[in-house]
Amino acid sequence: MSQVKLTVNGKEMSGDAEGRTLLSTFLRETLGMTGTHVGCDTSQCGACVVHVDGVAVKSCTMLAMEADGAAVSTIEGQAADDGTLNTLQQAFQDHHGLQCGFCTPGMIMSAADLLKSNPKPSEAEVRHHLEGNICRCTGYHNIVKAIMAASGQDVSNIAAE
Amino acid sequence: MPKDSGIGASPKRREDIRFLSGTGNYTDDMNINGQAYVHFLRSDVAHGRIKSINLDAANAMPGVVKIFTGADFEGVGGIPCGWEVTDKHGQPMQEPAHPVLAQGKVRYVGDQIAAVVAESVEQARDAAEAIEVDIEELPAVVDMKAALEEGATKVHDDLTSNLCYDWGFVEENKPAVEAAFAEAAHVTTLELRNNRLIANPMEPRVAIGDFERASGNSTLFTTSQNPHVIRLLMGAFVLGIPEHKLRVVAPDVGGGFGTKIFHYAEEAFCTFAAKALNRAVKWTSTRSEAFISDAHGRDHVTTIQLALDADNNFTAVRTDTHANMGAYLSTFAPSVPTWLHGTLMAGNYKTPLIYVNVKAVFTNTVPVDAYRGAGRPEATYQLERVIDKAALELGVDPIALRRQNFITEFPYATPVAVEYDTGDYHGTMDALEKMVDLSGFEARRKESEARGKLRGFGVNCYIEACGIAPSNLVGQLGARAGLYESATVRVNATGGLVVMTGSHSHGQGHETAFPQVIAEMIGIDESMVEIEHGDTDKAPMGMGTYGSRSLAVGGSAMVRATEKIIAKTKKIAAHLLEAAEADIELKDGAFSVAGTDKSVAWGDVTLAAYVPHNYPLEDIEPGLEETAFYDPANFTYPSGAYACEVEVDPETGKVTIESFNAADDFGNIVNPMIVDGQVHGGIGQGIGQALLENASYDENGQLLSASYMDYAMPRASDVPFYGVDHSSQTPCTHNPLGVKGCGEAGAIGSPPAVVNAVVNALRSGGHDITHIDMPVSPQRVWQAMQG
Amino acid sequence: MYNFEFEKPSTTADAVAALADEDASALGGGQTLLPTMKQRLASPSKVVSLTGISEMQGVCMGDDGSVCIGGATTHAAVAAGASAYPALAALAGGIGDPAVRARGTVGGSLANNDPAACYPAGALGSGATIVTNAREIAADDYFQGMFTTALDEGEIITEVRFPVPEAANYQKFEQPASRFALVGVYVAKYADGVRVAVTGASEEGVHRWTAAEEALSANFSADAVPAAPGADGMIADLHGTAEYRAHLVAVLTKRAVAAAS
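Residues numbered from 1 in each chain as written. Chains lettered and ligands numbered in written order. Predicted model: local features only at pLDDT ≥ 70, side-chain atom pairs only at ≥ 80, totals over all residues. Heavy atoms only, no water.

- An unreviewed UniProt entry lists chain C under the name Carbon-monoxide dehydrogenase medium subunit, from Shimia haliotis.

- If you look chain A up in an unreviewed UniProt entry, it shows as Carbon-monoxide dehydrogenase small subunit from Shimia haliotis.

## Section: the interface of chain B and chain A
Then step 1. Facing 56 residues of chain B, the contacting portion of chain A comprises 50 residues.
Then step 2. Here chain B and chain A share an interface that buries about 4,400 Å² over both sides, 56% of which is from carbon and sulfur atoms.
Then step 3. Ranking the residues of chain B by area buried against chain A places B:Leu20, B:Met202 and B:Phe721 at the top, with a combined share of 20%.
Then step 4. The interface formed by chain B and chain A contains 6 salt bridges.
Then step 5. Between B:Asp29 and A:Arg28 there is a salt bridge; the shortest N-O distance is 2.9 Å.
Then step 6. Mapped onto the side of chain B that touches chain A, the elements with two or more residues apiece are α1 (16-20), α3 (121-129), α8 (287-291), α17 (672-692) and β30 (722-725) of chain B.
Then step 7. Broken down by element, the side of chain B that touches chain A gets its largest block of residues, 9 residues, from α17(B).
Then step 8. The residue makeup of the side of chain B that touches chain A, split by class, is 25 nonpolar, 19 polar and 12 charged. (Contact = heavy atoms within 4.5 Å. Buried area = accessible area lost by both parts, 1.4 Å probe. Salt bridge = Lys/Arg side-chain N within 4 Å of Asp/Glu carboxyl O. Helix = DSSP H or I, 4+ residues; strand = E, 2+ residues; numbered from the N terminus. Nonpolar A, V, L, I, M, F, W, Y, C, P; charged D, E, K, R; others polar.)

## A look at the domain arrangement of chain C
Then step 1. The domain boundaries assigned to chain C delineate domain 1 (1-49) and domain 2 (167-260).
Then step 2. Measuring from the centre of the C-alpha atoms in domain 1 of chain C to the corresponding centre in domain 2 of chain C gives 33 Å. (Domains from an automatic or database assignment.)

## Topic: unusual backbone geometry
Trans is the prevailing form of peptide bonds, just as negative phi is the prevailing case for residues other than glycine.
Residues and elements named next belong to chain B.
Then step 1. Here the amide bond leading from Phe169 into Val170 is cis, since omega sits at -5°, within 30 degrees of zero.
Then step 2. Its location among the elements puts Val170 in the loop between β7 (163-169) and α5 (174-183).
Then step 3. Here the residue pair Met774 and Pro775 is connected by a cis peptide bond, since its omega of -10° sits within 30 degrees of zero.
Then step 4. For Arg298, which is not glycine, the phi torsion reads 65° and is therefore positive.
Then step 5. In this fold, Arg298 is placed in the loop between β14 (296-297) and β15 (300-308).
Then step 6. A positive phi is found at Ser548, a non-glycine position, where the angle reads about 45°.
Then step 7. By the element assignment, Ser548 lies in the loop between β23 (529-533) and α15 (550-577).
Then step 8. Note on Ser548: relative accessible area 11%, which makes it buried. (Buried < 20%, exposed > 50% of the residue type's maximum accessible area, 1.4 Å probe, protein only.)

## Some details on helix α7 (residues 265-277) of chain B
Residue and element names in this part refer to chain B.
Then step 1. Look at α7: 18 Å from first C-alpha to last across 13 residues, which is about the 18 Å you get at 1.5 Å a residue.
Then step 2. α7 sits mainly inside the fold: 10 of its 13 residues count as buried.
Then step 3. Of all the positions in α7, only Ala265, Glu266, Glu267, Ala268, Phe269, Cys270, Thr271, Phe272, Ala273 and Ala274 are classed as buried.
Then step 4. Looking at the residues trailing α7, positive phi occurs at Asn278, about 55°. (Expected span 1.5 Å × (residues − 1).)

## Details of the environment of B:Leu163
All names here are of chain B.
Then step 1. Relative to the elements of secondary structure, Leu163 occurs in strand β7.
Then step 2. With 421 residues separating them in the primary sequence, Leu163 and Ile584 have C-alpha atoms 63 Å apart.
Then step 3. Apart from the residues lying within four places of it in its own chain, the contact partners of Leu163 are Gln94, Leu148, Lys359, Ala360 and Phe362.

## Considerations on the sheet that holds strand β2 (residues 24-27) of chain C
Residues and elements named next belong to chain C.
Then step 1. In spatial order, the strands read β1-β3-β2; together these 3 strands make up an open sheet with parallel pairing. The open sheet is flanked by β1 (5-7) and β2, the only strands paired with a single partner. Geometrically, the sheet is characterised by an average inter-axis angle of 20° between neighbouring strands, direction not taken into account.
Then step 2. Where β1 meets strand β3 (residues 46-49), 3 bridges bridge the pair, whose relative direction is parallel. Bridged to Glu7 within β3 is Val48. (Pairing = 2+ DSSP bridges. Axes fitted to C-alpha atoms, helices over the stretch in contact; angles between N-to-C directions.)

## A word on the pairing of strand β21 (residues 485-491) of chain B
Residue and element names in this part refer to chain B.
Then step 1. Within β21, 6 of the 7 residues are buried, leaving the element largely enclosed by the surrounding structure.
Then step 2. Inspection of the sheet shows β21 paired to strand β27 (residues 625-630) by 6 bridges, in the antiparallel sense. Following the sheet pairing, Val489 is matched in β27 by Glu626.
Then step 3. As defined by bridge partners, β21 adjoins strand β22 (residues 497-501) across 5 bridges and the pair is classed as antiparallel. Bridge assignment links Ala487 to a residue of β22, and that residue is Thr501.
Then step 4. If you look at the hairpin formed by β21 and β22, you'll find 5 residues sitting between the two strands, and Gly495 has a positive phi there, around 105°.

## As for the pattern of salt bridges
Residue and element names in this part refer to chain B.
Then step 1. Applying the stated criterion to the full structure yields 74 salt bridges over all chains.
Then step 2. A salt bridge links Asp166 to Lys88; the shortest N-O distance between them is 3.4 Å. Note that Asp166 is positioned in strand β7 and Lys88 in the loop between β3 (64-69) and β4 (105-106), a separation of 78 residues in sequence.
Then step 3. Look at Lys88 and you get partly exposed, because its relative accessible area is 26%.
Then step 4. We note a salt bridge from Arg480 to Glu95, for which the minimum N-O separation is 2.8 Å. Linking Arg480 in the loop between α13 (471-476) and β21 with Glu95 in the loop between β3 and β4, this pair joins segments that are 385 residues apart in sequence.
Then step 5. Among the charged side chains, a salt-bridge network with shared partners connects Asp437, Arg444, Glu447, Arg451, Arg455, Glu645 and Glu647.

## Thoughts on the pairing of strand β28 (residues 639-648) of chain B
Residue and element names in this part refer to chain B.
Then step 1. Counting buried residues in β28 gives 10 out of 10 residues, a clear majority hidden from the surface.
Then step 2. Side-chain alternation along β28 places Ser639, Ala641, Ala643, Glu645 and Glu647 on one buried face and Gly640, Tyr642, Cys644, Val646 and Val648 on a second face that is also buried.
Then step 3. Relative to β28, strand β20 (residues 454-463) runs antiparallel, the two sharing 10 bridges. Looking at the pairing, Val459 lines up with Ala643 of β28.
Then step 4. Here β28 runs beside strand β29 (residues 655-665); their pairing, made up of 10 bridges, is antiparallel. Each bridged residue has a counterpart across the sheet, and for Val648 the counterpart in β29 is Val655.
Then step 5. Hairpin connection between β28 and β29: a loop of 6 residues separates the two successive antiparallel strands, and Gly653 in this loop has a positive phi of roughly 85°.

## A short note on the environment of C:Ala227
Then step 1. Along the chain, the position of C:Ala227 falls in the loop between α9 (210-218) and α10 (242-260).
Then step 2. Under the relative-accessibility criterion, C:Ala227 is labelled exposed at 66%.

And the structure:
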């Protein structure tokens with residue numbers, strides 16, 4: 001066991017980890033931050049995406065010790081302190097971009113990563129960026145729409161409101 | 001003007017706030033002080049006899065609490081099956097024992113041999129690897145037809161064969177159907193496979209058993225669509241715990257799609273072990289484990305024949321299907337290829353004679369049960385593919401052929417034992433034709449061809465029977481349960497309401513949609529209504545969520561309970577207003593006396609019910625809480641018409657979905673936004689089945705597509721924006737809301753449109769192809785083009 | 001996962017020293033190694049992370065005009081930074097998904113030599129030089145069959161040097177589930193000839209399609225691509241037969257040539 005120190009959503013946190021402790025396990029089990037989900041074990045579903053030092057990564061495919069000293073941003077840190085949803089979260093609610101909610105943390109964190117580098121993505125760019133995030137509920141329609149809306153684009157002409 | 005509240009409005013979902021901010025409460029988010037962890041040692045061979053299990057080395061591993069094997073479950077019940085099908089000779093199906101942990105034999109890759117309970121997940125897994133199991137491998141039974149051959153290896157030694165049942169429906173119609181085929185002007189025959197799928201809700205299954213020694217009470221937290229059903233099946237049939245000593249909680253559940261209906265051995269194990277060890281026991285499935293332990297779906301091999309007269313009227317349909325049950329009977333498995341499939345073989349058409357034969361077969365594979373649509377996608381796919389093939393053979397327009405044969409008068413009694421109450425199949429087809437620019441198709445095809453691509457258009461209709469189901473009817477058909485739903489409506493003194501419903505929400509948005517109904521009925525704000533579900537200690541006995549039944553059955557129970565509340569509050573209001581009860585009207589949250597300006601607010605009446613100072617105590621009790629159980633009079637019959645346009649790359653065989661449009665008739669609609677979302681999701685899964693997904697076994701019973709590395713899940717880049725329309729509405733006649741259900745439609749209605757479109761595209765390229773099995777992968781399309 | 005000891009050295013020398021232990025394993029971005037370890041298919045007693053070694057990071061231009069990429073440089077960094085070699089940048093930008101590209105490294109990919117990975121095609125197709133802590137290895141000598149390379153135990157890739165061609169293009173046809181290459185073809189035209197490297201297709205792992213190289217060296221046009229290679233030795237699985245893969249090799253080669261021209 002070694003101590004791992006992280007700055008999670010702006011707060012310093014620490015806990016013990018084994019070599020094999022994954023960042024996702026460390027967040028969920030050690031720090032009790034269960035907003036980050038684990039949906040697969042082959043690094044494909046993306047439910048576990050968090051930002052480490054500003055970069056979106058799959059926290060189930062990164063060792064906790066690899067993240068020692070890093071700033072980690074998770075779904076729990078996206079809304080304002082008073083609970084007000086951020087633009088992206090609000091767009092997901094406005095456009096019904098989630099159903100069961102399990103993939104949603106990873107979707108939000110991946111989408112935030114996209115909008116940081118590409119503030120007005122096309123539909124194709126959004127779909128391509130979500131290559132590593134699987135949703136089983138929505139058929140992706142309203143996820144893509146929500147992300148485009150969050151970027152300030154008019155989505156009113158997209159089929160089926 | 002769209003409404004902004006009540007029935008027909010699309011308020012934002014209230015449950016989204018917790019899901020979007022990472023504060024949901026999924027089962028794996030829960031931990032109980034002192035809990036231990038279980039890892040299941042699963043068979044890596046498909047079929048074998050367990051000669052010995054040596055736990056010595058494993059027991060000595062760090063952190064091991066106890067290792068359980070089948071021997072620990074002698075005298076404990078097996079996993080029950082909830083439906084008994086009677087075969088065409090009037091005999092009950094063959095029903096094998098289904099132990100919690102393997103007894104003597106393993107029957108599929110993934111079968112549980114032993115369960116290691118340890119202080120951590122990794123310790124449990126480390127110890128499981130130290131268990132020495134000596135298995136004498138037996139030949140694996142994988143192919144269904146081979147499984148039924150004389151002398152085939154038996155999956156269950158104590159059964160007479162691998163045939164679960166041979167079902168004929170309607171057996172008495174068979175001679176007339178044969179005669180119709182003999183007289184037919186044209187017969188179209190199609191052999192196809194409805195590919196085996198894995199539901200893959202994004203949340204893997206989790207179970208936490210807990211036990212309180214002082215009270216003797218057991219609790220199971222589980223990822224279930226129907227906690228009461230689990231309580232009944234596990235309590236009564238496996239562990240012998242009466243309902244009042246057993247609580248089952250399904251908190252936030254990350255998708256189900258059918259695969260979380262069933263009672264699984266892992267649930268029973270965790271509950272059993274928690275009591276045996278007097279500490280909580282938690283199991284979290286990995287995705288890899290889910291592939292070999294979640295019940296699979298579909299897997300039918302069918303020959304369908306359609307008979308037509310000289311005017312292209314459908315005169316008869318007959319089918320011959322082999323349906324895979326896997327190694328054991330999962331909870332509702334026997335009902336899927338029979339009552340949820342055979343009864344839908346009329347589709348949207350007035351075919352007068354139908355005969356369906358289904359042979360259900362045991363194989364050394366994961367048990368197969370309901371997956372989104374369950375039986376109805378299989379029926380729809382066969383019928384809508386064979387109609388398209390008939391149109392090809394006859395050289396007629398596939399839409400015109402369908403329209404010519406549509407049922408147009410309702411109610412309509414089909415030759416397969418169901419009665420459609422309402423529908424308008426021309427109406428949905430009209431709506432679809434407005435959505436797709438058919439006249440522009442040839443131009444689009446030319447444009448594709450100019451880029452070296454082939455373009456195809458495919459259409460299909462569907463009907464489904466949902467709102468499952470009338471209890472007396474399903475009882476006659478072999479269900480070992482009722483299929484009513486329950487609701488308790490508790491009105492608090494200050495007027496707010498809590499609805500405790502047996503329906504379970506795992507993505508469907510009940511917490512938002514159900515209050516819309518009550519708000520409309522009483523004329524209050526939706527924010528005054530809260531929905532509680534998923535806890536057997538709170539809601540009355542309910543049957544849960546599947547078969548697109550929540551609003552049609554659960555919502556109806558809620559309406560009935562609310563009607564009782566309204567009746568009682570009218571009595572109270574009549575007393576307060578000193579008027580006759582018959583003169584009391586409830587509107588916009590206030591009771592008034594007809595023809596006067598006298599009124600009393602909702603909140604004053606509810607307060608009076610709990611502070612009964614001025615109250616008709618001689619006539620009615622204080623308090624305001626009512627329960628209703630609603631048992632539907634019939635199934636509901638949503639229907640629709642779907643269209644898909646594809647582009648095929650002839651060099652690689654890759655199919656791209658260019659557009660997908662769906663016109664559905666769901667009857668009345670409470671929340672259009674949620675309904676659209678359900679259709680989108682269903683289409684996404686249907687496109688997945690048509691193009692990508694396949695649970696593939698090799699001849700040794702090894703699952704080849706056992707992770708996301710080989711099981712192709714649809715990604716955002718595989719699908720387009722969908723067109724959705726539900727302007728054609730023929731309300732259900734027998735439930736109070738006139739609703740039909742929308743959860744499964746997309747998955748039922750979409751696969752044939754995709755395959756029809758691919759066949760259409762390939763034929764336009766000069767390839768004489770009439771069918772390609774799903775998934776229509778690049779490899780298969782390319783292979784088909786090679787002739 | 002089995003447990004292991006974890007080290008994160010900050011110099012190549014320390015990494016090499018740490019990897020001297022028996023059963024020690026280097027960890028690049030971990031995008032393949034960690035899933036493999038989760039399945040308990042690998043069990044190193046010590047894992048040595050290479051991500052903290054700054055001398056192994058980054059993209060730069062070599063004196064000979066080649067693009068030099070530090071062994072621990074992520075795919076995302078190559079996609080963004082290898083503008084001097086656009087085909088290679090595009091290859092890196094098409095690996096996996098954004099989160100995988102943020103962690104996965106060129107050294108990790110080449111050391112693993114997955115038969116369906118993209119980078120081996122880029123390196124072999126470019127005639128790259130794989131630089132390790134001990135030596136320089138020509139790509140033609142480096143790849144030795146699926147999951148097999150010329151690397152010795154404990155040897156780590158510190159840099160990869162890619163000569164920049166006159167024209168190049170990578171075409172990947174994705175396996176629908178994993179999104180790895182069902183077949184991928186890298187075509188690069190150099191002054192002294194054309195190189196064609198194929199990934200995903202062969203049981204021998206990444207390899208050069210010499211018949212196409214000869215034809216394209218004489219005439220760099222899609223029409224010059226020969227008929228599909230034989231199916232012998234091609235991978236056959238549930239996603240594609242050997243014949244289908246062989247067919248795709250030719251289709252993708254033509255597309256790569258057309259896109260590069």
